[in-house]
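A closer look at the structure
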Amino acid sequence: MTAFVLVSGCFTGGWIWQEVAERLRESGAEVHPVTLTGMGARREEAVPGTDLETHIEDVMRVIDGVDAPEVVIVGHDYGIHPVLGAADRRPERITRIVHLDTGMPRDGDTAAQLVPDEEVRRQLRDGRSGQAEESGQPGEPGQPANGGAWWIPAPSSDQWQRWGSTAGLTDEALAMLTRLAAPQPAGTLTRPLRLSDAVTALPATGVLCSGNGLNIALIEDLVAGGLPQFQHLARPETSFFELATGHWPMLSCPEELAEALLGAAEGEGHRITPSGAVPPYLRPFVLDVPERPRERVGRVDLYIPDELDEPAGASESAGASERPRPAVVFIHGGPVPADLRPTPRDWPSFVGYGRYAASLGVVGVTLDHRLRGLDDFERAAEDITEAVELVRADPRVDPERIALWFFSGAGLLLARWLAGPPSWLRCAAATYPILAPLPSWGAVDPRFRPAEAVNGAGRLPVVLTRVGLENAEIAATVEDFLAAAKECGAGVEVIDVPDAHHGFESIDHTDQVRRAVAHAMRSVLAHLRD
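Residues numbered from 1 in each chain as written. Predicted model: local features only at pLDDT ≥ 70, side-chain atom pairs only at ≥ 80, totals over all residues. Heavy atoms only, no water.

**What about the sheet that holds strand E15 (residues 462–467)?**
Spatially, eight strands are ordered E9-E10-E12-E11-E13-E14-E15-E16 in an open sheet, and the strand pairing comes out mixed. Across the chains shown, the open sheet's two edge strands, defined by having one partner strand only, are strand E9 (294–297) and strand E16 (492–497). Between one strand axis and the next, the sheet turns through 20 degrees on average, direction left out of account. Pairing of strand E11 (residues 325–331) with strand E12 (residues 363–367), which is carried by four bridges, proceeds in the parallel orientation. (Pairing = 2+ DSSP bridges. Helix = DSSP H or I, 4+ residues; strand = E, 2+ residues; numbered from the N terminus. Axes fitted to C-alpha atoms, helices over the stretch in contact; angles between N-to-C directions.)

So this is what it looks like as structure tokens:
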């Protein structure tokens, strides 16, 4: 017999699994819906001091009380944190971990990193919760003696959308979700999850809710990109199911969820194909461009045109050839792990772009910025600013003719320069960009939303390369940006590449892609030379 241990996400308890549990029991399974400490009551009855460790111990007690030989443990949303913590300490009891519309947190991660509500994230960073501002009454039940609140108030009926898609929920289900919700102890979100290698060896299944923005196609794209942090998703022991609903499938489609959980227990589900021996980002650049030496200054590489390398007086035309040239700064996507080697500026595609720019008479610039995670956009923007200042100070560069060219996940960084373009920025380019946080990303600093920033772009030209074989969620961010740009009259040139994928320079070596890369470069250089 298989026993299912069901652990729900923020604000909810074992009650949320009622219909799923009934269907699982009808199949002959043993079912244990878990109500974590403090989550079975309203705020007046909450337990001060509850944190992630408390909830891990709750789940361990349930596991220890199960006699069934096979235990499948299911974590929804925040619930995956106590699930993983408990499974790491009882790996011999667990046959499979199911990630229900949630991430795959690693050792040291906090649940606060994926909280989608930016206001709550800010309050957690400040060491307080929203209730502190609401009441401000020291000694009120559920608060420590200093008056600082330790819980996150449960959402009202019109606030659930901020925590995940409510697609598929009936009015009655949403009303029940609101009526029975409990405040979430802040410590459960801020205490880091500690894991050993034991949990990583356990079989896992992801049940993805496409209405909340995560689907199998997106997972396949992440794995196909070759970055090492996603390759564990292609383990033979890892499978996936997809449900066409929002973030609370136990309420919106309990029968379909029960079927997926039963399939997961049997080892069923979609498997992801590994990306191959050579990651796509390490494959050759699509164009055959002349080799150029590069100069490395800290995190910045410069590719200098031949003419600027000639000794002064080498020819009668030396004075003309030594005039400062425009520069194009190529900005890699991300997030990229800090320990990944080689770093992006050594990837063939960025070396290729740098050489290509230099071969056409402008200074090509690449850099390694520090977009390591979804909280790092501000730091990455600062790295880009620092790189631009270094480039503009170089006597071989015309400091008033600079272009910034963004790729993939760096597309969000475009917002910084759209909102108020400096005089030296003559053009911005974006190639297969992500132009808004993806639904599965949780909260990202609201300053990095290009569709909102484009209203301040003024006369800044933007060259956008769009691929036809893009992931649907990414493509939607591009369409939203283009609609906003059209509404405010921003100048956006769109280069369409119908038969190309995200990262086409490395994986689509076709004439169509070669023409698109050349077209984009010509357009950028034309704006630099205007």
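**Notes on the environment of Leu243**
Along the polypeptide, Leu243 turns up in strand E8 (residues 238–243). Since its relative accessible area comes to 8%, Leu243 is described here as buried. Considering only alpha carbons, one finds Leu243 and Cys253, ten residues apart in sequence, at a separation of 8.5 Å. Among residues more than four places away in sequence, those in contact with Leu243 are Val207, Leu208, Cys209, Ser210, Gly211, Pro249, Cys253, Glu256 and Leu257. (Buried < 20%, exposed > 50% of the residue type's maximum accessible area, 1.4 Å probe, protein only. Contact = heavy atoms within 4.5 Å.)

**Thoughts on helix H8 (residues 216–224)**
Regarding H8, the residues found buried are Ile216, Leu218, Ile219 and Val223. In a view along the axis of H8, the buried residues occupy a sector of 160 degrees, so they form one face of it. The inward-facing, buried residues of H8 contact strand E7 (204–209) and E8. Put simply, Asn215 is the residue that caps the front of H8, since its side-chain oxygen is 3.3 Å from the backbone nitrogen of Ala217. Of the residues flanking the end of H8, it is Gly226, one or two places downstream, whose phi is positive at about 90 degrees. (Arc of directions from axis to C-beta. Polar contact = N/O pair within 3.5 Å; in protein donor to acceptor, adjacent residues only side chain to side chain.)

**Structural notes on the pairing of E15**
Here E15 lies mainly inside the structure; five of its six residues are buried. With four bridges joining them, strand E14 (residues 425–431) and E15 adopt parallel strand pairing. Across the sheet, the residue bridging to Ala430 is Leu464, located in E15. Relative to E16, E15 runs parallel, the two sharing six bridges. Opposite Val462, over in E16, you have Val492 as the bridge partner. The parallel pair E15 and E16, bridged by helix H17 (residues 472–488), forms a crossover whose chirality is right-handed. (Right-handed = clockwise from strand over helix to strand, strands pointing away.)

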